[in-house]
Amino acid sequence: MAREIMKTHDLNFANRPHLKGAHIMLYGNKDMAFAAYGEHWRQMRKELIEESTVLLSCFNLVDYFPSLGWLSSLFGLDERAKRIFMKWDGVLSQMIQQHTNKKDRSNQKDEDFVDVLLSLKKDPNLGTNLNNEHIKALLVDMFTAGTDTSYIVLEWGMAELIRNPNVMKKLQDEVKGIASGKSMVNEHDLSEMHFLKAVIKEILRLHPPGPLLLPRESIDGCQLEGYEIPKKTRVIINCWAIARDPKVWEKPDEFIPERFLNNPIDFKGQNYEYFPFGAGRRICPGMQFGVSTVELTLANLVYRFDWLLPDALVGDINMAESPGITMKMMNNLHLVPKSCF
Ligand code: HEM
């Protein structure tokens, strides 16, 4: 079914539904992640992301089950979204102002993402009118989609490595062997670290930061496996459950990175039994950046330190998952680093 939605009928399900929290936080969906499928989204993705590199982390049940709309007011979620929006807006306005006031525009070395976005505002070839609200909405996308996800993978990853000391040892042996003599692991070392890549794939299989991807909506009516699906149907794909399906995965709940060694299954959106970044037109545009960040950070964490549980917690890691559009550990992981050199 996931394949049917994200491959056969990809174009039809490339839309996003109207989500209240996202609408408030993202300047009326002027961002990319929650923009309706169309020219604006296409331009954002092409010109901005590919060129340079979610009340969003808060799970709003109403976005997934619209018939529960009354809950939003009951729990004050809309008000909360508006308060958070005001805070974001203040910070982002200041950031844009500081960048606009920058005196020296000649030094390209100093250019950051905000500078690039501001220069695109003046680009006559850009097929969309980019204004400060679009820029702010894109920055919210980057902060939320880009930071939360990577740290969630790292936290679950460290928890799994502590619970599986043999895997931790194997990983440390690989990393220390390849980066031997250096003070830090660098990007060039990563290409040789095949076990590290398998470890990260396994973390993403068991703990995808976006277990339900982002919701989609059908643009037109269509047939899915014999069922008539009306126009504007909201579709939620449970990539967490699919990646633990015992019909596909041996010992599905166990952390076994070796399953990804010499195995062509990848997260690039071609395998419909494993797609932590989604698939099809709306696949995550930050996949490569996110994976590189996680690889480099995890490699350095295990290269520079041995990790122990605090005395009080030995043998006791709570692997409960928090509910949300992003799936964090319910309780933050506390570990004690012991320098290796
Ligand atoms: C390990 C890290 C990450 C994971 C697991 C992840 C996962 C996802 C998933 C599951 C989606 C929804 C895809 C779909 O609906 O099919 C998504 C969308 C998106 N992600 Fe990521 N992501 C990660 C990192 C990043 C980073 C670093 C950025 C930006 C710098 C980013 C930006 C986005 C954006 C803008 C979208 C919306 C794309 C669209 O609707 O066209 N993500 N991500």
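Here's a quick rundown of the structure.

How each quantity is defined
- Residues numbered from 1 in each chain as written.
- Predicted model: local features only at pLDDT ≥ 70, side-chain atom pairs only at ≥ 80, totals over all residues.
- Heavy atoms only, no water.
- Donors = N, O, S within 2.8 Å, 3.2 Å for Na, K, Ca; no water.
- Helix = DSSP H or I, 4+ residues; strand = E, 2+ residues; numbered from the N terminus.
- Axes fitted to C-alpha atoms, helices over the stretch in contact; angles between N-to-C directions.
- Parallel < 35°, antiparallel > 145°, perpendicular 65-115°, else oblique.
- Contact = heavy atoms within 4.5 Å.
- Nonpolar A, V, L, I, M, F, W, Y, C, P; charged D, E, K, R; others polar.
- Phe/Tyr/Trp six-rings, centres within 6.5 Å; stacked < 30°, edge-to-face > 60°.
- Buried < 20%, exposed > 50% of the residue type's maximum accessible area, 1.4 Å probe, protein only.
- Lys NZ or Arg CZ within 6 Å of the ring centre and 35° of its normal.

**Examining the coordination of the iron atom of the ligand**
Part 1: One donor from the polypeptide reaches the iron atom of the ligand: Cys284 (SG), at 2.3 Å.
Part 2: Within the fold, cysteine 284 resides in the loop between helix H12 (239-242) and helix H13 (287-304).

**Side note on the packing of helix H8 (residues 132-163) against helix H9 (residues 165-178)**
Part 1: As a packed pair, H8 and H9 sit with axes 5 Å apart at the nearest point and diverge in direction by 110°. In terms of their interaxial angle, H8 and H9 are classed as roughly perpendicular. Residues Met158, Leu161, Ile162 and Arg163 of H8 form the contact with H9, whose participating residues are Pro165, Val167, Met168 and Leu171.
Part 2: The residue makeup of the contact of H8 with H9, split by class, is seven nonpolar, no polar and one charged.

**Considering the packing of aromatic side chains**
Each aromatic ring pair is specified by the distance between its two centres and by the angle formed by the two planes.
Part 1: The final tally for this structure, using the stated rule, is six aromatic pairs.
Part 2: Measuring from centroid to centroid gives 6.1 Å for tryptophan 249 and tyrosine 274, while their planes differ by 70°, and the two rings are edge-to-face. Of the two residues, tryptophan 249 is situated in the loop between H12 and H13 and tyrosine 274 in the loop between H12 and H13; the sequence distance between them amounts to 25 residues.
Part 3: Seen from their ring centres, tyrosine 272 and phenylalanine 275 are 6.4 Å apart, and the 50° between their planes marks the pair as tilted. We note that tyrosine 272, like phenylalanine 275, is buried.
Part 4: Cluster of aromatic residues (ring-pair linked, three or more members): Trp249, Phe260 and Tyr274.
Part 5: Taking the ring centre of tryptophan 249 as reference, the NZ or CZ of arginine 205 above it sits at 5.2 Å.

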